[in-house]
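Structural description and commentary
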Amino acid sequence: MQKTVLFEVFELLKTLEIVTSESQFSVEWLGRSDCYLRTCRFKRMDPSISSIAVCASKLQHYGNLLSQKPQHKRLGETLLLWSERCHEQINHQAEASWVGV
């Protein structure tokens, strides 16, 4: 298992004090059970494309909202950047499934 973008997003959101734990991130940002990210890490599994997509969507949503407010524009742009990185991960994993990599 490579260190996927979700683990990096979790670290970012934790640093920004938006989430406090992997459990909270798994439930609120991935729409999964509270042990989802921890299980992926311990079992060395890549997170599902659908989990990454939910996270990308939420990052994009809040990024767009925050970008409209001058005092939060930089944070909004950061969230949009990470949303794009999630989409890149989705494309990479999807392509690997049909290319046979």
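As shown above, the structure is provided for reference.
Overview of the structure.

What counts, and at which threshold
Residue positions are given per chain, counted from 1 along the sequence in the order it is written. A pLDDT threshold of at least 70 governs which residues receive local features in this predicted model, and a stricter bar of 80 or more applies before side-chain atom pairs are shown or counted, although totals over entire chains, interfaces and linings include all residues. Each side-chain value is worked out from all heavy atoms of the structure, with water and hydrogens disregarded. The numbering of helices and of strands both runs from the N terminus, where a helix is a DSSP run of H or I of at least 4 residues and a strand a run of E of at least 2. Contacts: residue pairs with any heavy atoms within 4.5 Å of one another. Axis geometry follows a simple rule: fit a line to the C-alpha atoms, using only the stretch in contact for helices, then measure angles between N-to-C directions, giving values from 0 to 180 degrees. Three categories are distinguished: nonpolar for Ala, Val, Leu, Ile, Met, Phe, Trp, Tyr, Cys and Pro, charged for Asp, Glu, Lys and Arg, and polar for the others, with Gly belonging to the last. Counting rule for disulfides: a pair of cysteine sulfur atoms within 2.5 Å. In this text, buried Ala, Val, Leu, Ile, Met, Phe, Trp, Tyr and Cys residues form a nonpolar core when linked through side-chain atoms within 4.5 Å. Only protein chains enter the accessibility calculation, which uses a 1.4 Å probe; a residue whose area is less than 20% of its type maximum is buried, one above 50% is exposed, and one in between is partly exposed. Here a Phe, Tyr or Trp ring, Trp counted by its six-membered ring, pairs with any other such ring whose centre lies within 6.5 Å, and the pair is stacked when the planes are under 30 degrees apart, edge-to-face when over 60, and tilted otherwise. Any Lys NZ or Arg CZ found within 6 Å of a ring centre and within 35 degrees of that ring's normal is scored as a charge over the ring.

**A look at the environment of Ser-67**
Tracing the backbone shows Ser-67 in helix 4 (residues 49-67). For the pair Ser-67 and Gly-31, spaced 36 residues apart in sequence, the C-alpha to C-alpha distance is 24 Å. Residue contacts for Ser-67: discarding those within four places in its chain leaves His-72, Lys-73, Gly-76, Glu-77 and Leu-80.

**Quick notes on the packing of helix 2 (residues 22-30) against helix 3 (residues 36-43)**
Look at helix 2 against helix 3: their axes get within 7 Å of each other, and the N-to-C directions meet at 115°. The residues of helix 3 that touch helix 2, namely those facing Glu-22, Ser-23, Phe-25, Ser-26 and Leu-30, are Tyr-36, Leu-37, Arg-38 and Arg-41. When grouped by side-chain class, the residues that make up the contact of helix 2 with helix 3 number 4 nonpolar, 2 polar and 3 charged.

**Some thoughts on the state of the cysteines**
Structurally, a disulfide amounts to a covalent bond that connects the sulfur atoms of two cysteines. Tallying each qualifying case throughout the model produces 0 disulfides. Here Cys-55 is not cross-linked by a disulfide; its sulfur's nearest cysteine counterpart is in Cys-86, at 4.3 Å.

**Considering the nonpolar core**
Counting residues in each nonpolar core, the largest one holds 23 residues, and the members touching the most others are Leu-6, Val-9, Leu-13, Phe-25, Cys-55, Leu-59 and Cys-86. Counting only elements with at least two residues in this core, the list comes to helix 1 (5-15), helix 2, helix 3, helix 4 and helix 5 (73-99). The leading source of residues in this core is helix 1, at 7 residues.

**Quick notes on the packing of aromatic side chains**
Enumeration over the complete set of coordinates arrives at 2 aromatic pairs. Consider the rings of Trp-29 and Tyr-62, whose centres lie 6.0 Å apart with planes at 50°: the pair is tilted. Residue Trp-29 is found in helix 2, and its partner Tyr-62 is found in helix 4; the two are separated by 33 residues along the sequence. Arg-41 extends its terminal NZ or CZ atom over the ring of Phe-42, reaching a point 4.8 Å from the ring centre. The ring of Trp-82 carries the charged tip of Arg-85 above its face, separated from the ring centre by 4.5 Å.

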